[in-house]
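Descriptive structure summary
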Amino acid sequence: MMSALSFSADIKPMFSKGQVLCMKNKGVDLSAYEYMGDDTGDETFPDHANALHVFAKLRGDDPGQRMPPGGPYWSDAMLDSFEAWMNGGFLE
């Protein structure tokens with residue numbers, strides 16, 4: 001059985017420097033656990049809205065706004081890891 005994933009060791013390294021810089025300009029800090037692990041909700045998600053919005057964009061739930069713009073898009077394995085991190089409790 002796979003051990004729980006952490007943001008620092010498993011998720012943060014999957015974001016490219018370009019993705020981090022691009023999104024930071026939009027107020028989304030992909031490199032900071034304080035942002036990605038924040039348990040605050042919004043009108044769309046009752047909790048962990050920041051991470052859940054990022055995941056939805058990575059997965060392409062809204063194809064017009066898929067991350068990263070123009071690709072290359074994350075592999076299924078990368079998306080599975082991000083989802084496993086969330087399901088595992090958003091560990092730092």
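Residues numbered from 1 in each chain as written. Predicted model: local features only at pLDDT ≥ 70, side-chain atom pairs only at ≥ 80, totals over all residues. Heavy atoms only, no water.

Section: the packing of aromatic side chains
In the structure shown here, the tally under the stated rule is eight aromatic pairs. When the ring of Phe-55 is compared with that of Phe-82, the centres are 5.5 Å apart and the planes differ by 15°; the resulting orientation is stacked. Of the two residues, Phe-55 is situated in helix H4 (residues 49-59) and Phe-82 in helix H5 (residues 76-87); the sequence distance between them amounts to 27 residues. Among the residues examined, Phe-82 registers a relative accessible area of 0% and is labelled buried. Seen from their ring centres, Trp-85 and Phe-90 are 5.1 Å apart, and the 70° between their planes marks the pair as edge-to-face. Take Trp-85: its relative accessible area is 0%, and that puts it in the buried class. Overall, the relative accessible area of 9% leaves Phe-90 in the buried class. Put simply, the rings of Phe-7, Phe-15, Tyr-33, Phe-55, Trp-74, Phe-82, Trp-85 and Phe-90 touch in pairs and so form one group of aromatic residues. In this structure, Arg-66 is placed above the aromatic ring of Tyr-73, and the distance from its NZ or CZ to the ring centre is 4.1 Å. (Phe/Tyr/Trp six-rings, centres within 6.5 Å; stacked < 30°, edge-to-face > 60°. Helix = DSSP H or I, 4+ residues; strand = E, 2+ residues; numbered from the N terminus. Buried < 20%, exposed > 50% of the residue type's maximum accessible area, 1.4 Å probe, protein only. Lys NZ or Arg CZ within 6 Å of the ring centre and 35° of its normal.)

Some points on the side chain of Ser-6
Checked against the element boundaries, Ser-6 lands in the segment before helix H1 (7-11). Within the local environment of Ser-6, its side chain forms a polar contact with the backbone nitrogen of Ala-9, the two atoms lying 3.1 Å apart. (Polar contact = N/O pair within 3.5 Å; in protein donor to acceptor, adjacent residues only side chain to side chain.)

Remarks on H5
For H5, with 12 residues, the first-to-last C-alpha span of 16 Å sits near the 16 Å given by 1.5 Å per residue. The set of residues buried in H5 consists of Leu-79, Phe-82, Trp-85 and Met-86. Considered in projection along H5, the buried side chains sweep an arc of 120° and stay on one side of the axis. Turned more than 90 degrees from where H5 packs its buried face, Asp-76, Ala-77 and Asn-87 sit exposed. Contact partners of the buried residues in H5: H1, helix H3 (33-36) and H4. With its phi angle positive at about 105°, Gly-89 sits one or two positions after the end of H5. (Expected span 1.5 Å × (residues − 1). Arc of directions from axis to C-beta. Contact = heavy atoms within 4.5 Å.)

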